[in-house]
Amino acid sequence: MAKRDCYEVLSVERGAGPDDIKKAYRTLAVKHHPDKNPGDKSAEEKFKELGEAYDILSDPQKRALYDQHGHAAFDRRAGGSGAGGFHDPLDIFREVFGGSGIFENLFGGGSSDATQPQRGNDLRYDMEITFEEAAHGCEKEITLTKPDTCETCQGSGAEPGSRARTCPNCRGRGQVINSRGIFSIAQNCPNCQGAGQVFEKPCKSCRSEGRRERSSKIKLRIPAGVDTGSRLRSAGNGEAGFRGGPAGDLYVVLHVKAHSIFQRDGDDLLCEVPVSFIQAALGAEIEVPALDGKAAIRVPPGTQPGTMFRLKGKGIMNVQGYGHGDLHVRINVEVPTHLSAAQKAKLQEFAELCSGKENPLSQGFFEKAKSLFH
Ligand SMILES: [Zn+2]
Ligand SMILES: [Zn+2]
């Protein structure tokens, strides 16, 4: 098969200068690069053909020979042994583009692809709630100022009714190659800021970013049983995405205020209840506070300070729904103060009636300590 004319392959005039030839090669080689056209045989052929044409026309000596004899000049030189004498087309490509590092950027590959829609950032919001709100669950409304979808353009970045077109400067790649000495550096296209497209009429409200800083109200449902450190996810309430990408999520981190009566241990509650020494001695029905109002405990006669009572299921509802914790009540016996003369006399009278067996703890203790007293 006859080889195509080198000038035709690169679509340049016969008198084209070296810069025009290089420019033409760059454009076409990127278009037909095998990485960009996997499995496409004709693109592979074209890419090879481009490399060969560029190899000839970029070398003044080869170009002079070609201008005189056409492709035949090289057939003769190679001694009829085929297409020897030409560089590997991929080597030529790398030579022109200055190293393989550029490569990924050229085709908009890699993770930092500025032309694709991007998900918005997640946000964290710290919130303080009361003990009761944590125990029972609640609804909250918060006001957040964050990048939100632009209402004017609905996130598209273009004025309503106008269209976006491919950026002519970077041809939609979002990046341009700048040569600095021997290095070529891929940079965000200054014309489209890396978006790869420009708008006929950019949205004025958001300067075509598609999002705008805005204050919005967000409703949150806080389930019963949450505790300090609980993290709630509010899907889609983070920052708006770029160029129509999905929004990030909002994470609400909870801080539960301390309660004046209850202490919390997981789903269990602890409450210390003072009783009079008379109630403790004689026994009594006492009321204790609970989350849903109050509960009753029967304190038996002779109840000692520190005695614990457990009220099953009177604790906090498990946040995963595994039932309720328990309420633990610790009895604190209060010794009376500010006694009147009459009260003191009665207690004195009571003391005279005591034999010692009313206080077995004291009795046992002093028996054991006797040896130390001498
Ligand atoms: Zn807008
Ligand atoms: Zn551009």
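Anything mentioned here points back to the structure above.
Counting of residues starts from 1 at the beginning of each chain's written sequence and follows it residue by residue. Here every chain gets a letter starting at A, and every ligand a number starting at 1, in the order they are written. Only residues with pLDDT of at least 70 are given local features in this predicted model, and only at 80 or more are side-chain atom pairs given and counted; all residues enter the totals for whole chains, interfaces and linings. Side-chain metrics in this entry use all non-hydrogen atoms of the structure; hydrogen atoms and water are not considered.

### Examining the overall build of the chain
Keep this limit in mind: Secondary structure elements are taken from DSSP: a helix is a run of H or I of four residues or more, a strand is a run of E of two residues or more, and numbering for both begins at the N terminus. C-alpha atoms define the radius of gyration, and 2.2 Å times the number of residues to the power 0.38 defines the globule rule. We call a residue buried when its accessible area falls under 20% of the maximum for its residue type, exposed when it is over 50%, and partly exposed in between, using a 1.4 Å probe and counting protein chains only. Residue contacts are defined here by distance: any two heavy atoms, one from each residue, within 4.5 Å place the two residues in contact.
A count of helical and extended segments in the chain gives 11 helices and 15 strands. For the chain, the C-alpha radius of gyration of 42 Å lies well beyond 21 Å, the compact-globule estimate for 374 residues. Projected onto the principal axes, the alpha-carbon positions of the chain cover approximately 140 × 60 × 35 Å. Counting the 374 residues in the chain, one finds 36% classified as buried. Within the chain, counting contacts between residues at least 6 apart in sequence, those at least 24 apart form 63% of the total.

### Observations regarding the layout of surface pockets
The gaps of empty space that remain are located by a probe, the size of a water molecule, rolled over the atoms. How we decide: Whether a set of points on the 1 Å grid over the protein atoms alone is a cavity depends on a 1.4 Å probe fitting there but being unable to get out, while an open set qualifies as a pocket with protein on both sides within 12 Å along at least five of seven lines; lining residues are those with an atom within 4 Å of a point. Grid points are joined across faces, edges and corners, and a volume is the space filled by probe spheres set on the points.
Taken as a whole, the largest pocket spans an internal volume of roughly 690 Å³. Lining the largest pocket are 20 residues, with F277, A281, F350, E358 and N359 positioned closest to its centre. Contributing elements (two or more residues each) for the lining of the largest pocket: α9 (277-282), α10 (341-352) and α11 (360-373). Per element, the largest residue contribution to the lining of the largest pocket is five residues, and it comes from α9.

### A few points about the coordination of the zinc ion (ligand 1)
Selection rule: Only nitrogen, oxygen and sulfur atoms qualify as donors, provided they sit within 2.8 Å of the metal or within 3.2 Å for Na, K and Ca; with water excluded from the atoms, sites may seem incomplete. Only four donors with every angle between 85 and 135 degrees are called tetrahedral; only four or six donors with opposite donors over 155 degrees apart and all others between 65 and 115 are called square planar or octahedral, in that order; all others are irregular.
Every protein donor of the zinc ion (ligand 1) is accounted for by C150 (SG), C153 (SG), C203 (SG) and C206 (SG), and the metal-donor separations fall at 2.3 Å. What the four donor atoms of the zinc ion (ligand 1) show is an angle range of 105 to 115° at the metal, which sorts the shape as tetrahedral.

### So, the pattern of salt bridges
As a reminder, the rule being used: A side-chain nitrogen of Lys or Arg and a carboxyl oxygen of Asp or Glu constitute a salt bridge if their distance falls within 4 Å.
Applying the stated criterion across every chain yields a total of 25 salt bridges. Measuring nitrogen to oxygen at the nearest pair gives 3.6 Å for the salt bridge that ties E8 to R4. The partly exposed category is assigned to E8, whose relative accessible area is 47%. For R4, a relative accessible area of 35% translates into the label partly exposed. One salt bridge connects E151 with R214, and the closest N-O pair in it is separated by 3.7 Å. Of the two residues, E151 is situated in the loop between β2 (138-149) and β3 (164-166) and R214 in strand β7 (residues 211-222); the sequence distance between them amounts to 63 residues. Given the relative accessible area of 41%, E151 is considered partly exposed. According to the relative accessible area criterion, R214 is partly exposed, its value standing at 28%. Sharing partners across several salt bridges, the network here consists of R119, D122, R233 and D249.

### Overview of the pairing of strand β11 (residues 268-276)
Inclusion rule: Two strands are said to pair when DSSP picks up at least two bridges between them.
Side-chain alternation along β11 places L269, C271, V273 and V275 on a buried face and D268, L270, E272, P274 and S276 on a face that remains uncovered. In this structure, strand β10 (residues 262-265) lies alongside β11, joined through four bridges in antiparallel fashion. Its bridge partner lying in β11, D265 is registered against D268. Here β10 folds back onto β11 in antiparallel fashion, the turn holding two residues, of which G266 has a positive phi close to 65°.

### Quick notes on the coordination of the zinc ion (ligand 2)
Protein coordination at the zinc ion (ligand 2) comes from C167 (SG), C170 (SG), C189 (SG) and C192 (SG), with a distance range of 2.2 to 2.3 Å. Angles of 104 to 115° at the metal separate the four donor atoms of the zinc ion (ligand 2), which places the site in the tetrahedral class. Counting along the primary sequence, the residues that act as donors to the zinc ion (ligand 2) give the motif C-x2-C-x18-C-x2-C. Here C189 lies in the loop between β5 (183-188) and β6 (197-199) and C167 lies in the loop between β3 and β4 (175-180), a separation of 22 residues in the sequence.

### Regarding a nonpolar patch on the surface
Selection criterion: A residue counts toward a patch only above 30% relative accessible area and without a salt bridge, and it is joined to like-charged neighbours within 9 Å or, for Val, Leu, Ile, Met, Phe, Trp and Tyr, to nonpolar neighbours within 5 Å. In these tables, accessible area is a Shrake-Rupley quantity obtained with a 1.4 Å probe, and a residue counts as shielded only by the protein chains included in the view.
A cluster of nonpolar side chains, contributed by F277, I278, L282, L347 and F350, occupies part of the molecular surface with about 480 Å² of accessible area. Breaking the nonpolar patch down by element, the ones donating at least two residues are α9 and α10. Of all the elements, α9 adds the most residues to the nonpolar patch, at three residues.

### Examining unusual backbone geometry
Positive phi is not limited to glycine here, since Q154 has a value of about 55°. Secondary-structure assignment places Q154 in the loop between β2 and β3. Since its relative accessible area comes to 63%, Q154 is described here as exposed. Although it is not a glycine, H338 sits at a positive phi angle of roughly 50°. Following the sequence through the fold, H338 ends up in the loop between β15 (327-334) and α10.

### Some details on the nonpolar core
Test applied: By nonpolar core is meant a set of buried Ala, Val, Leu, Ile, Met, Phe, Trp, Tyr and Cys residues that side-chain atoms within 4.5 Å join together. Start and end positions for the domains come from either an automated domain assignment or a database one.
Core analysis: the biggest nonpolar cluster contains 38 residues, and I286 and V329 have the highest contact counts within it. When residues are assigned to domains, this core turns out to be shared by domain 2 (123-256) and domain 3 (259-337), each giving three or more. Beyond its immediate stretch of four places on either side in the chain, I286 contacts V273, V275, Q279, A295, A296, I297, V299 and I331. Membership of the second largest hydrophobic core comes to 25 residues, among which are Y25, I56, F74 and F97.

### Some remarks on helix α6 (residues 89-97)
We count it as follows: Of all possible arcs, the one meant is that of the directions from the helix axis to the C-beta atoms.
Inspection of α6 places P89, I92, F93, V96 and F97 among the buried residues, and these make up the whole buried set. What you see down the axis of α6 is that its buried residues fit within an arc of 120°, all on one side.

### Concerning the sheet that holds β11
Worth spelling out the cut-off: In this analysis an axis means a line fitted to C-alpha atoms, helices contributing only their contacting stretch, and an angle means the value between N-to-C directions, from 0 to 180 degrees.
Within the open sheet, the four strands sit side by side as β10-β11-β15-β14. Their pairing is mixed. Only two strands of the sheet have a single neighbouring strand rather than two, namely β10 and β14 (308-311). Strand after strand, the sheet turns through a mean of 30° between neighbouring axes, direction not considered. Two elements, β11 and β15, share eight bridges in a ladder whose sense is parallel. Within the sheet, the bridge partner assigned to V273 lies in β15 and is I331.

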